[in-house]
Every structure is written in structure tokens, then in C-alpha cells.
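Chain and residue survey
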Amino acid sequence: MAASHLLLFSLLCFLFVYQCHGACAEVDSDTEAVAGKGFKLGCISCKRRSEVEGAATVEWYFRAKGEADFIHIYTYNEDGATIESDHFMDRVDWNGSKRSNDIQDASIYLLNVTFNDSGTYQCFFNRILFYENYEYNTIVSKVVHLTVVAKASRGTASIVSEVMMYVSIIGLQVWLLIEMIYCYRKIAAAGEEALREAANAEYLAIASESKDNCAGVQVGE
């Protein structure tokens, strides 16, 4: 019984560590790009049920400053990427989830940013979740308001955001380390308990055998 409990506890610890490594965080995109350089337009939508299989397609739209309507600029699905607008032709690269149709990161990378790229970007996740007896469709959208400047500026908000990001990463790693140590100690304690139970069982077996031998000798006398 102790061995089965030990195996189950080890499996739970492994699953916990695995889930920590596979965590998804919805981080907002940067909103200031420098003309003539590249820029990552971030768009992340995490699944609420990571154990459920899913598939997603992504579409990006753009509305320039002063314009009333959005134009379709980019599509990404199981067949690959398609640039839908001549303005962005040969200037957009996929920077999101790779080797999976279960897309959670739909970020794209703009090459050679121009002032005409200032405006509002919107990405749409069209996601299908595959349950045992049915499929569930959801649509999630994210908005990025991009400003293109001639020279990079770093405001207080950007500095604080970066510091908080590093603090969060370090905190998560420390927490994960503590949990791993906790799991290791539990496994070690369970192993010692199993060894003690095995030793006690062996001792009782030897004692019982010795008692039977003694009884046999007395009967023979």
C-alpha cells in the first residue's frame, strides 16, 4: 500500500511541475515602435482549460490614424500565414505559437516600421475546443494601440513593467523550487516509511519463525 501511495504522490508532483513549465500568461503588447526598426505586436489568449484539446486560427486587422474602418492585414491557420494587405506585404512575420494548431500566442513581427503603421491593431482568435461529445467555438479579440516615434523613449511605466516582469519570473522560479523541495522531502519520507514497514514485517516474520522452531524443539523433547 505504501509503495502505491508513493507512486501516486510522485506522479502528482511531476504533473505539478509540468503544468508550471507549461503555464501561459497574457502579457500586454508594447505600444511604442521606432521608425525604421522592427516591432513585435503581442497578442496572447490563454485557454482556461489546458487539458482540453483545441485548435485556433488567427486574423489581424489594422485601422490607421484618422481612418474609420479596419482593414484585414494577416491570417494564420493550419495552412500557414497569409498577408492580406499590400501595405504590409513582405513586412510581417509570424512570431507566435509554433508546431501546434492549438495557438495561444498570436504575436506578429513588423519589419521596417514606418510612421504610416501608427494606429489600432486588433487580433482575433477563432478557437475550437474539442470535448468528448461536442465542440465548443469561442472568439477572443485583443487590441493594440501603436504609436511610431522617431527615437525610442523609455517612460516610467515601461521601467516599472519590466521590473515587475523580472520580479514575477524570479518569484515563480523560487516558488517552483520550494514546491520541488517539498515534493522531494515528502517522497523521501514516504520511502523511509515504506522501508520501516518492510523491515518491521521482516522482523515479525523472523520472530514468528523462531517461535515456531522453539515450539517444535520443545515438542520433540
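A brief report on the enclosed structure follows. Remember, predicted model here, so these are calculated numbers, not experimental data. (Residues numbered from 1 in each chain as written. Predicted model: local features only at pLDDT ≥ 70, side-chain atom pairs only at ≥ 80, totals over all residues. Heavy atoms only, no water.)

Among the nonpolar cores identified, the biggest contains 25 residues, and L41, W60 and Y121 are the most heavily contacted of them. Only strand 2 (39-41), strand 3 (53-64), strand 4 (71-77), strand 6 (92-94), strand 7 (108-110), strand 8 (119-130) and strand 9 (135-149) provide two or more residues apiece to this core. Examining the composition of this core, we find that 4 residues originate from one element, strand 3, more than from any other. If near-sequence neighbours (up to four positions away) are discounted, L41 is found in contact with S29, W60, S107, I108, L110, Y121, V144 and L146. (Core = buried A, V, L, I, M, F, W, Y, C linked by side-chain atoms within 4.5 Å. Buried < 20%, exposed > 50% of the residue type's maximum accessible area, 1.4 Å probe, protein only. Helix = DSSP H or I, 4+ residues; strand = E, 2+ residues; numbered from the N terminus. Contact = heavy atoms within 4.5 Å.)

Glancing now at a nonpolar patch on the surface. On the surface, a nonpolar cluster with roughly 240 Å² of combined accessible area is contributed by I159, V163 and V167. Within the fold, I159 resides in helix 2 (residues 156-220). The class for I159 is partly exposed, based on a relative accessible area of 39%. (Patch = residues over 30% accessible without salt bridge, like charges linked within 9 Å, V, L, I, M, F, W, Y side chains within 5 Å. Areas by Shrake-Rupley, 256 points an atom, 1.4 Å probe, with all protein chains shown as cover. Salt bridge = Lys/Arg side-chain N within 4 Å of Asp/Glu carboxyl O.)

Bringing the packing of aromatic side chains into the picture now. Within the structure shown, the criterion is met by 7 aromatic pairs. Ring geometry for Y74 versus W94: centroids 6.3 Å apart, planes at 10 degrees, classification stacked. Highlighted residues: Y74 in strand 4 and W94 in strand 6, separated in sequence by 20 residues. According to the relative accessible area criterion, Y74 is buried, its value standing at 2%. On the numbers, 5.0 Å between centres and 10 degrees between planes, the contact of Y131 with Y134 is stacked. Ring pairs connect the aromatic residues F62, F88 and Y121, which therefore count as one cluster. (Phe/Tyr/Trp six-rings, centres within 6.5 Å; stacked < 30°, edge-to-face > 60°.)

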